[in-house]
Amino acid sequence: MATFPKLYQLSALHPKLVLFIALTLTLLSLWFSQKLHIESDFSSLLPTQTESLKNIHELKKYFGNSGFLYVTLEDTKVGTGKKNAESFTDQLLGRIEKMPHVSFVDYKKPVDFFKKRMWLYLDLADLQEMETRVDKGMQLEANGVNPMMGRWMSFADQADLPDLTFQDIIQKYEKRSGVQFQDNSAQQPGENPFSVLRIKLEQTKHNQETMEGLLFAIRRSETEIKKEKPQFSSVEVNFTGEYQTDLEQTSHAEKEIRKSSFFVVFLLILVLFLYFRDVSGMFLVGVPLLIGLLWTGGLVYLFLGHLNIITGFAGAILGGLGSDYGIYLLTRYYQERSLGKSFTEALDLTFSSGGTAKATYASMLTTVVSFLALLFSNFGMFVEFGLVGALGLVANYVAMITLIPACLSLKAAKVARSQDSRLPGVQEDSKAHRFIAFLCRPYFPRFVLFLFFLLCLFSSTTLKEKSKIYFEDGNMEDRNLPATQLYNKVSQMMQASLSPTLLMVNGKGNEEKLLEALQHKLKSAAPDTLVYNDVAGLSTFLPKDQNEKKEILVRLGEKYKQINLFWNKKKESFLESIQESLNVKSISREDIPPEIRRMFESPKDPDVFLIYLFPAFGRGNLENMTRYYEGVLNLKKEIAVPFIQADGSFIEHDIIQLIQKEAPRGLFLILFCLGGILLWSVRPWPHALAIFTCLVTSLILLSAVLTFMHIRLNILNIGVFPIILGTGVNCFIHLDHRLKELKDMDKTLKNYLSTILVCNLTTIIGFSALLIIPSEGLRSVGWVAVLGLSLITFVCAFVFPRFLVLKRVGTLR
């Protein structure tokens, strides 16, 4: 009874058809791959029930996105003055306000509104202090001592002379929210005019295409204005804020991905050429590898539709991983052909279930299972990484197992047998192979294994410290991008954090109570016990005790008129400002300018309000992040007013907490799956146990090396461990499988060890692309992978063969 041909046999029998199908799938995958984009929002990777994520979504429901797009304008020409920049800003502002997706633009503060009412915003105690000083001044004057002349004469004790300029009192309110608003165009002495526009967007979902369209529209308006009025050509327009930062980080990541991919391609081509010493061998592995990567891109688009900051580098990483299959298979084929086997015999020994394809399939399966174990994680980045890795490995394996036989079949049909002999790069008796085999020959197995045990025992002392996971803000992205540097400048200019914590509260009464409680703590509590140093809400702009303050102001004005002062103009100005505050009616919520109200009132529900809580310290590390997070939660417990807290740093805090829970669970799950698949695919079971032990001890050694190199685990490089385990297992399976075939350790080492080293080298090359990335976080991913895979290669070459010798597997001459 005839049996249906195997997949590799079909490829060899119908090579042109297989290549046509592969080309069609490749073109289709290329079309899908071009639609992939990098998703830089980590919040989308958290479980939907995470409290910080739910709070962000609740905030968006009432207020839209919490962030702003900041447009900075600076006149770079010396001597143009502030008016030139202001005139240009006004014209650009008018155009931006009419653009789609713009909710409002915040630029000039309603300074006049607050100047006319400034004395009503002083605390009652300060107004009383002012009246006391005036009374004291009148008393001194009645006694014949002029409060001003007394400063230059010794008629009175200087300590008893009242300060009737009240500058010390006024200065207290210069930084208090809502009391003294100044135009946000700032100019320090010797600096060019610099102003900032804050643009609030309408959309509730971050949309990269929309943001790019808005930025393009602003740039176009800038060009049109400068073309119409050349005097504005010296005004420089730039962008910052979380939107612009995300765009620049994404664009930068895409450039780095392209750069690292070219770097990996160059090194892989070089390694393949040096190993096979022939261009055809390089193409027989390289072309299926490229096709497999394109298939991966198409599959990722169908399954996910996007990449994240880690999976964006999947092309370079999978390039190193996928090349292993081609090198193992093509090496075995050339070796069999060099022994005089026919094309069909060599193909069967290479690709049949009893040949190298069996070890390749087993290693691929164990690696895929390791990646798939990440799908059980609750952290989206791990899930996506696991899915992309599994899809990529399967795609690369299918490409190698189908396209290499097809290409070999076409080559065998055109080239004579004498020209289809073995290649020098894979000769088992070459000098390089003999030298590698000599270095790794398993002499003194018991002694070496004992030393290895002691080394692992020493390295295990670092496991506790290495089990900690850090956030390390600033290392996750490139901090030298223009938007990031400009963000720091704007933050310093505004003398406040551009990303405060938002407290959402229902009801006017609750808003007033919560704000009053927060302000009371700010005044009464010790500064080092609070996690915030300022607070602002709509009620901040509602002066308390307005009627009592007006009564004091009436008396204060009448008394101030009676004092003889030298500064008549200042005296008149002071009296006029008091009269302005007396002339206005009592300030209510409705009187507050719309430029202020829209910052705190929900556009969708007028009974929902925001309160801004400004952190007292930076939150760039896990310790400060946790301290601030717990401090806000303690406020929620202490203050009997319900509110919802929303903050991007809370998302990051929850990510860290989730990873700290998921990492041990994920590692245990991966080891469990890996152990199970090894017991199923490797016989006898002591060999499976030995491979598993070698993998675990490699991780222990890695802990010590990372400690020595001061590399800490973070939310990015923690995801590398499944790859180290899943990829590292390949070399053990192939070495064990080949030894069972040859039953001779010397011959196995000369025949196959160099191939294993080259395959591991290509995998290391795939991760080495991350070592040239500016981001320290991504570089740490590369270092952890490179060091881990190097240690596994060392264990496979020096430790595993000695175990096999002790188990009397194969002879050792």
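Residues numbered from 1 in each chain as written. Predicted model: local features only at pLDDT ≥ 70, side-chain atom pairs only at ≥ 80, totals over all residues. Heavy atoms only, no water.

Undergrad: Hey, could you run me through the packing of aromatic side chains in this one?
TA: To describe a pair of aromatic rings, one takes the distance between the centres and the angle between the planes. Under the criterion given, the structure shown has 29 aromatic pairs. Note on W31 and F32: the rings are 5.1 Å apart at their centroids and 55° apart in plane angle, and the pair reads as tilted. When its relative accessible area of 46% is taken as the criterion, W31 is described as partly exposed. For F32, a relative accessible area of 17% puts it in the buried group. (Phe/Tyr/Trp six-rings, centres within 6.5 Å; stacked < 30°, edge-to-face > 60°. Buried < 20%, exposed > 50% of the residue type's maximum accessible area, 1.4 Å probe, protein only.)

Undergrad: Sorry if this is basic, but what is going on with the state of the cysteines here?
TA: One covalent bond between the sulfur atoms of two cysteine residues makes up a disulfide. Applying the stated criterion across every chain, the model contains zero disulfides. Note on C796: no disulfide assigned, nearest cysteine sulfur contributed by C731 at a separation of 3.7 Å. Overall, the relative accessible area of 1% leaves C796 in the buried class. (Disulfide = S-S within 2.5 Å.)

Undergrad: When you look at the sheet that holds strand β6 (residues 501-506) in this model, what are you seeing that I'm missing?
TA: Here we have four strands laid out as an open sheet, ordered β7-β8-β6-β9, and antiparallel in their pairing. Of all the strands in the sheet, the pair left with one neighbour each is β7 (532-537) and β9 (644-646). On average, each strand axis in the sheet is tilted by 25° relative to the strand beside it, whichever way the strands run. Sheet topology note: the β7/strand β8 (residues 608-615) ladder contains five bridges and is antiparallel. Bridged to V535 within β8 is L613. Against the sheet, helix α19 (residues 508-524) touches β6, β7 and β8, its axis set at about 155° to β7. (Pairing = 2+ DSSP bridges. Helix = DSSP H or I, 4+ residues; strand = E, 2+ residues; numbered from the N terminus. Axes fitted to C-alpha atoms, helices over the stretch in contact; angles between N-to-C directions. Contact = heavy atoms within 4.5 Å.)

Undergrad: Any chance you could explain unusual backbone geometry here in plain terms?
TA: The phi angle of most residues is negative, glycine excepted, and most peptide bonds adopt the trans form. Phi at D545 takes a positive value of approximately 50°, unusual for a residue other than glycine. Among the structural elements, D545 can be located in the loop between β7 and α20 (546-562). The backbone of K743 shows a phi angle near 55°, a positive value even though the residue is not glycine. Looking at the element boundaries, K743 is found in the loop between α26 (721-742) and α27 (745-768).

Undergrad: Sorry, what's going on with the pairing of β6 here?
TA: Regular strands show a simple pattern: their side chains alternate between the two faces of the sheet. With five of its six residues buried, β6 lies for the most part within the structure. Here β6 pairs with β8 via six bridges, running antiparallel. For L503, the partnering residue across the bridge sits in β8 and is I611. Pairing between β6 and β9: three bridges, direction antiparallel. Within the sheet, the bridge partner assigned to M504 lies in β9 and is I644.

Undergrad: Would you mind going over the sheet that holds strand β2 (residues 102-106) with me for this structure?
TA: Either a parallel or an antiparallel arrangement is found when strands of a sheet pair, and the pairing is made through backbone hydrogen bonds. Overall, antiparallel pairing links the four strands, which are arranged β2-β3-β1-β4 in an open sheet. In this open sheet, the two edge strands, each paired with only one partner strand, are β2 and β4 (235-240). In this sheet, neighbouring strand axes are inclined to one another by 20° on average, regardless of whether the strands run parallel or antiparallel. By the bridge criterion, six bridges tie strand β1 (residues 69-75) to strand β3 (residues 194-201) in an arrangement that is antiparallel. The partner of T72 across the bridge, within β3, is V196.

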